[in-house]
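Examination of the molecular architecture
Spelled out, the chains give:
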Amino acid sequence: MTSKNTGTRLLLALWDLGGMQQEVKKGQLTKRIVSKSQKVADYQGIFEDLQKEGAIAISKKGYSLTSPTGLEVLGEGLRSGEFKFEGTIVGTWAANALLRWISQIDVAVTGADVLVNGKGALAKLSEGIASYDEFKSVALEVYDKLNYEYNFNNLVPIYRIRREISDRVSRTEFNDWLLETQADDILQLQGGSVEDSAPDKIEDSVATELDGLRCYATRLKP
């Protein structure tokens, strides 16, 4: 895979992990992109090039995706006729991230002045959720979409809901507002564990001191 393809895959992973809203831990990102036959050091040049380009910011603890440059570079990379995944098997995270990217943008990202329904495409991707009522509406829309498309039988993984809207709300607000939907008898949050007990999926679920880990949501109100 070329360095440009690798850079695009790196940016896609960072965006999918919520890198627009918060800093993503280094280990969390490299776990996504570094294969068993590779080393983290193999990506050092890619990280440095993306930082120089202004697409990402790097700290001692992690990485974040810049706006609008990071989104522009990612959009350009995905639209490139040369972009492709290596090998015959594509990771589930990559396929889901691409689907989410497609679902959240109506036109190709060509710059901050591109308009979609009167709004900039980049603004649409990074527009934050400002209130509980707005979060409730978005969360229920995402819940219904995931439940229908993936046949979750009204038991939708919370980590999937979080990742769908992670670029529009902070982790703390997501946790607080999701728990508020339960208090309002809109969603019921249920325990158990994710299907493969993956640490990153558990981390993207919700935990409280009183109720413990909650991994699934069931809609109570139509």
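Residues numbered from 1 in each chain as written. Predicted model: local features only at pLDDT ≥ 70, side-chain atom pairs only at ≥ 80, totals over all residues. Heavy atoms only, no water.

**Here's the deal with the pairing of strand S10 (residues 216-219)**
- As defined by bridge partners, strand S6 (residues 156-157) adjoins S10 across two bridges and the pair is classed as antiparallel. Each residue of the ladder has a partner; that of Val156, found in S10, is Ala217. (Pairing = 2+ DSSP bridges. Helix = DSSP H or I, 4+ residues; strand = E, 2+ residues; numbered from the N terminus.)

**Some words on helix H3 (residues 44-53)**
- Restricting attention to buried positions, one finds in H3 the residues Ile46, Phe47 and Leu50. Relative to the axis of H3, the buried residues are bounded by an arc of 100° and lie together on one face.
- Where H3 ends, the next residue or the one after it, Gly54, has phi of about 85°, a positive value. (Buried < 20%, exposed > 50% of the residue type's maximum accessible area, 1.4 Å probe, protein only. Arc of directions from axis to C-beta.)

**A short note on the packing of aromatic side chains**
- Under the counting rule described, the total for this entry stands at four aromatic pairs.
- Between the aromatic rings of Phe135 and Phe174, the centroid separation amounts to 5.7 Å while the plane-to-plane angle is 90°, which identifies the pairing as edge-to-face. Of the two residues, Phe135 sits in helix H7 (residues 132-150) while Phe174 sits in helix H9 (residues 171-183), which places them 39 residues apart along the sequence. For the pair Phe135 and Phe174, a shared accessibility class is recorded, and that class is buried.
- Pairwise contacts between aromatic rings join Phe135, Phe174 and Trp177 into one cluster.
- When the ring centre of Tyr150 is taken as origin, the NZ or CZ atom of Arg160, which lies over that ring, is 4.4 Å away. (Phe/Tyr/Trp six-rings, centres within 6.5 Å; stacked < 30°, edge-to-face > 60°. Lys NZ or Arg CZ within 6 Å of the ring centre and 35° of its normal.)

**Describing the side chain of Ser166**
- Following the sequence through the fold, Ser166 ends up in the loop between helix H8 (158-165) and H9.
- A relative accessible area of 9% means that Ser166 is categorised as buried.
- Within the local environment of Ser166, its side chain forms a polar contact with the backbone oxygen of Arg163, the two atoms lying 3.5 Å apart.
- In contact with Ser166, other than residues within four places in its own chain, are Trp15, Asp16, Gly18, Gln21 and Arg100. (Polar contact = N/O pair within 3.5 Å; in protein donor to acceptor, adjacent residues only side chain to side chain. Contact = heavy atoms within 4.5 Å.)

**Brief notes about a negative patch on the surface**
- A surface patch of like charges, here negative, comprises Glu173, Asp176, Glu180, Asp184 and Asp185.
- The residue Glu173 is located in helix H9 in this model.
- On the accessibility criterion, Glu173 (31% relative accessible area) is partly exposed. (Patch = residues over 30% accessible without salt bridge, like charges linked within 9 Å, V, L, I, M, F, W, Y side chains within 5 Å. Areas by Shrake-Rupley, 256 points an atom, 1.4 Å probe, with all protein chains shown as cover. Salt bridge = Lys/Arg side-chain N within 4 Å of Asp/Glu carboxyl O. Lys, Arg positive; Asp, Glu negative; His and termini not counted. Charge placed at Lys NZ, Arg CZ, Asp CG, Glu CD.)

By themselves, these figures tell us nothing about what the structure is for.
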